[in-house]
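Analysis of the macromolecular model
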Amino acid sequence: MEIIYAERIADYDVTVAALGNFDGLHIAHMQIIKNGIKTARERGLKAGVLLFEENTKNMISGGNVGLITPNDEKLRLLKNEGADFVYIRKFTPEFMKLSPEDFVRLLVKNLKVKAVCVGYDYSFGHMAAGNTDTLTALGEKYGFETLVTPRVIIDGKTVSSTYIRELISSGSVDKVKPFLGRDYSLSGTVAHGFENGRKMGFPTANLEYDAAALLPMEGVYAGITEVCGKRYKSVINVGKNLTFGAQKLTVESHLIDFRGDIYGEKIRIYFLKRLRGVKKFGGADELKAQIESDKEKTTAMNITVTP
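Reading guide: rules and limits
Residues numbered from 1 in each chain as written. Predicted model: local features only at pLDDT ≥ 70, side-chain atom pairs only at ≥ 80, totals over all residues. Heavy atoms only, no water. Pairing = 2+ DSSP bridges. Helix = DSSP H or I, 4+ residues; strand = E, 2+ residues; numbered from the N terminus. Axes fitted to C-alpha atoms, helices over the stretch in contact; angles between N-to-C directions. Contact = heavy atoms within 4.5 Å. Expected span 1.5 Å × (residues − 1). Buried < 20%, exposed > 50% of the residue type's maximum accessible area, 1.4 Å probe, protein only. Arc of directions from axis to C-beta.

Strand order in the open sheet made by the six strands is 1-4-3-2-5-6, with parallel pairing throughout. In this open sheet, the two edge strands, each paired with only one partner strand, are strand 1 (2-5) and strand 6 (145-149). The mean angle between the axes of side-by-side strands here comes to 25°, regardless of whether they run parallel or antiparallel. By the bridge criterion, four bridges tie strand 2 (residues 15-18) to strand 3 (residues 46-52) in an arrangement that is parallel. Counted as the bridge partner of valine 16 is alanine 47 from strand 3. This element, helix 5 (residues 100-111), spans strand 2, strand 3, strand 4 (85-89) and strand 5 (113-119) of the sheet and lies at about 135° to strand 4.

The terminal C-alpha atoms of helix 5, which comprises 12 residues, lie 16 Å apart, in line with the 16 Å expected from a rise of 1.5 Å per residue. Every buried residue of helix 5 is listed here: Pro100, Phe103, Val104, Leu106, Leu107, Asn110 and Leu111. Buried residues in helix 5, looked at end-on, bunch into an arc of 155°, giving them a common side. Its buried side turned inward, helix 5 meets strand 2, strand 3, strand 4, helix 4 (93-96), strand 5 and helix 6 (132-142). Downstream of helix 5 by one or two residues, lysine 112 has phi in the positive range, about 50°.

Take the sheet that holds strand 13 (residues 250-255) next. What the six strands build is a closed barrel, ordered 9-10-13-12-11-14; its pairing is antiparallel. Neighbour to neighbour, the strand axes of the sheet diverge by 45° on average, direction disregarded. Examined bridge by bridge, strand 10 (residues 205-209) and strand 13 share two bridges and lie antiparallel to one another. Bridge pairing links asparagine 206 to glutamate 252 in strand 13. Packed onto the sheet, helix 10 (residues 284-300) meets strand 11 (219-227), strand 12 (230-239), strand 13 and strand 14 (266-276) and runs at close to 140° relative to strand 12.

Written out as structure tokens, the structure reads:
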């Protein structure tokens, strides 16, 4: 899969491009992308996706919405899906001011689009002035087809990044997979921590995660940690370790039946079920007993992951 940055023009004759915010790459987003890839294969064209380096919602609103899927993870998923290229741009103030037609001209010039695939609620251009009808009309003018993917509904809920974010933020990680299309996870390198778990006989991998990533609600989770190509059932803590008076919010995973030094290793932690909330215990012995209980519950679970 080729990565095309900024103003570079694609080396292909014509392409099919999937357009959208794609902040979560959930199943509705992936349906748009799959439609683009299918269309491209049928027509003998190259299939690609437009991604922005920044979270567009944060750029527009000035907020701090956590990322469901960081860009490196998006690239992994898109490569696995079979995209030929990803076109990555910065979502700058200048780009935000482009009119719908100027944006379309950019697509035609840089990506040589013959078809574009979007969701039912797609908007684009300055102040979101363009919608699917606008895109269809501009496509007729500039010589490309607009393919619109309808709303995706599961159990009466429209699949959206907003809803998925609500599930993760409330700790309902066990309800995420049907909407996201995979279990929610965080990746990063293992860093040195306070080693309180190790001193109690429960060594943990302290995850150095992307600061922009969306964290589940503070608490203890049953999950799986992937390290060096292997997966281990894990008890995962998201919180400040109140018992020891820690102030820093950390993500720590105790890998069950694992032995070894993995400092500096890249790992991925999958959150599968919330076991309990955070609590300040009376001391190390009380905390140790609780962790043993959490470990027993996790060990007994029949859990697998969908990456």
